[in-house]
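Chain by chain, the residues run as shown.
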Amino acid sequence: MNEIRMVDLKGQYDKIKSEIDSAIHQVIDSTAFINGPAVQDFQKALEEYLGVKHVIPCANGTAALQVAMMGLHMQPGDEVITTSFTFIATAEVIALLGLTPVLVDVDPDTFNIDPEAIRKAITPKTKAIVPVHLFGQAADMEAIMQIAQEHNLYVIEDTCQAIGAKFTFSDGTTRQAGTIGHASGMSFFPSKNLGCYGDGGAIFTNDDTLAQQLRVVVNHGMVVRYYHDYVGVNSRLDSIQAAVLKVKLGYLDQYIKARRKAAAFYDKAFANHPKLKTRVTAPFTTHVYHQYTLVTKDMDRDALQKFLASKNIPAMIYYPVPMHMQKAYQDPRYKEGDFPVTEHLSKHVISLPMHTELDEEQLKYITDAVLEFANR
Ligand SMILES: *Cc1c(COP(=O)(O)O)cnc(C)c1O
């Protein structure tokens, strides 16, 4: 059996090596390393794939979220509602810009932000909502957009984990996750579902005016060369990464299928187990399985992780510490017990290996090991 990895980027690369290598060499031959044609090619291909008007490439997913907030002219003191159960980057950029993060709890079945909790957290200072499409399924965007409209708020989707997930509205229309809010931040970090071979990111928007503003922000606030109308940042996707991404975008649907196949194998093995709760996919979204995450019950989750490690099966805890319990984000407004669902999840979740290269032999070995531990 091949070694089991949390993410198998080498196995994935081996299958498309000649295409990737030639795309990278083309960029090197052209020496158009920054903003070369490869970046525009990828941008157009991604706009088409997503059915979104504008993709603005940038340096990474964290920058994408920051740039989106800067492009929307959010001001220090503005409150931004987001989830307590996410990767730190979401809250980090809010804090960096001097905005006030307002945390709310998540739904216990989907781990995504709870629209009712958003409603309760709105104050006159609220400016935006940042839903995170955690682990690969979309948050309840219809409810969130409705709330945003009622209260005149911006919605900035954190799509870093969910490219390719599709959201269906109650009228039957379907949109890609990341193309519903006013703007959306995307990461092409290597282990993400569409990952490059370094850092990369993008902002998505359907708003022409905002898109123009975002292109100014990522380029030092420069409107006309060397005339800087805004304080911006330097945030670019380099051409080599864009070339890699353009090749991999062609395989994204295939990659999603492979992840779903692995998830279906896991689901079947753990179905109805009293100690292993598989995550529910909400009816309004498809799932692209950035992570496959179980919620353990009546068992020592950390002992399970150690047991799996002893069998050479990596497993990760995403995320062990809720946002409001992080040392850097201590805030007198929040204390332990404020977000019971998030706190429960951080103590009981475990994510199993999930990538495009898992084979049945590996999946059987993993599920057998998890069940062996759960059944003792
Ligand atoms: C990965 C990730 C980010 C940050 O992306 P980077 O490219 O690593 O900066 C932000 N939010 C979520 C939910 C992520 O998973």
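Residues numbered from 1 in each chain as written. Predicted model: local features only at pLDDT ≥ 70, side-chain atom pairs only at ≥ 80, totals over all residues. Heavy atoms only, no water.

**As for the domain arrangement of the protein**
Part 1: Domain annotation of the protein identifies domain 1 (9-249) and domain 2 (252-374).
Part 2: The straight-line distance from the C-alpha centre of domain 1 to that of domain 2 is 24 Å.
Part 3: Domain 1 puts 48 residues into the contact, and the matching count from domain 2 is 38 residues.
Part 4: Among the residues domain 1 hides against domain 2, the three largest losses belong to F85, F135 and N193. Together they make up 19% of the total. (Domains from an automatic or database assignment. Contact = heavy atoms within 4.5 Å. Buried area = accessible area lost by both parts, 1.4 Å probe.)

**A word on empty space enclosed by the protein**
Part 1: Inspection of the entire model under this criterion finds 2 cavities of 30 Å³ or more.
Part 2: A volume near 60 Å³ is recorded for the largest cavity.
Part 3: What lines the largest cavity is simply V7, D8, L9, Q12, S191, K192, N193, K248, R259, H355 and T356.
Part 4: Across the lining of the largest cavity, the residue classes break down as 2 nonpolar, 5 polar and 4 charged.
Part 5: Counting residues domain by domain, the lining of the largest cavity receives three or more from each of domain 1 (9-249) and domain 2 (252-374).
Part 6: Put simply, the second largest cavity is a space of about 50 Å³.
Part 7: Looking at the second largest cavity, the residues that line it are F135, D267, R279, H287, Y289, Q291, Y292 and T293.
Part 8: Partitioning the lining of the second largest cavity into residue classes produces 3 nonpolar, 3 polar and 2 charged. (1 Å grid on protein atoms, 1.4 Å probe; cavity = no way out; pocket = protein on both sides within 12 Å on 5 of 7 lines; lining within 4 Å. Points joined across faces, edges and corners; volume = space filled by probe spheres on them. Nonpolar A, V, L, I, M, F, W, Y, C, P; charged D, E, K, R; others polar.)

**A few points about the packing of aromatic side chains**
Part 1: Using the criterion set out here, one finds 17 aromatic pairs in the structure.
Part 2: Relative to F135, the ring of F111 lies with its centre 6.0 Å away and its plane at 90 degrees, an arrangement referred to as edge-to-face. Taken together, the residues span a long stretch of sequence, with F111 in the loop between β3 (100-104) and α5 (115-121) and F135 in the loop between β4 (126-130) and α6 (141-151) at a distance of 24 residues.
Part 3: On the basis of relative accessible area, F135 is assigned to the buried category, the value being 1%.
Part 4: Relative to F373, the ring of F307 has its centre 5.5 Å away and its plane inclined at 45 degrees; by these criteria the two rings are tilted. Of the two residues, F307 sits in helix α10 (residues 301-310) while F373 sits in helix α12 (residues 360-374), which places them 66 residues apart along the sequence.
Part 5: The exposure class assigned to F307 is buried, which follows from its relative accessible area of 11%.
Part 6: The class for F373 is buried, based on a relative accessible area of 10%. (Phe/Tyr/Trp six-rings, centres within 6.5 Å; stacked < 30°, edge-to-face > 60°. Helix = DSSP H or I, 4+ residues; strand = E, 2+ residues; numbered from the N terminus. Buried < 20%, exposed > 50% of the residue type's maximum accessible area, 1.4 Å probe, protein only.)

**Examining the pairing of β4**
Part 1: Most of β4 sits inside the fold, with 4 of its 5 residues counted as buried.
Part 2: By the bridge criterion, 2 bridges tie β4 to strand β5 (residues 154-158) in an arrangement that is parallel. Counterpart to A128 in the pairing with β5 is Y154. (Pairing = 2+ DSSP bridges.)

**Some thoughts on the packing of helix α1 (residues 9-30) against helix α8 (residues 239-249)**
Part 1: The contact between α1 and α8 brings their axes to 9 Å, and the two run at 140 degrees. When the axes of α1 and α8 are compared, the pair comes out oblique. For the crossing formed where α1 meets α8, the hand is right-handed. When α1 is examined against α8, the residues Q12, I16, E19, I20, A23, I24, V27 and I28 are found in contact with a partner set consisting of S239, I240, A243, V244, V247 and K248.
Part 2: The residue makeup of the contact of α1 with α8, split by class, is 10 nonpolar, 2 polar and 2 charged. (Axes fitted to C-alpha atoms, helices over the stretch in contact; angles between N-to-C directions. Parallel < 35°, antiparallel > 145°, perpendicular 65-115°, else oblique. Left-handed = near helix turned anticlockwise from the far one by under 90°.)

**Structural notes on the site of the ligand**
Part 1: Among the 13 residues in the neighbourhood of the ligand, the closest are listed as T62, D158, Q161, S187 and K192.
Part 2: Contact between the ligand and G61: an oxygen atom at 2.8 Å from a main-chain N or O atom of the residue.
Part 3: Expressed as a share of its isolated accessible area of 380 Å², the protein-covered part of the ligand is 91%.
Part 4: At the level of elements, α3 (61-71) and α4 (89-96) are the ones that each hand at least two residues to the shell around the ligand.
Part 5: Classifying every residue of the shell around the ligand by side-chain character gives 4 nonpolar, 7 polar and 2 charged. (Near = heavy atom within 4 Å. Polar contact = N/O pair within 3.5 Å; in protein donor to acceptor, adjacent residues only side chain to side chain. Areas by Shrake-Rupley, 256 points an atom, 1.4 Å probe, with all protein chains shown as cover.)

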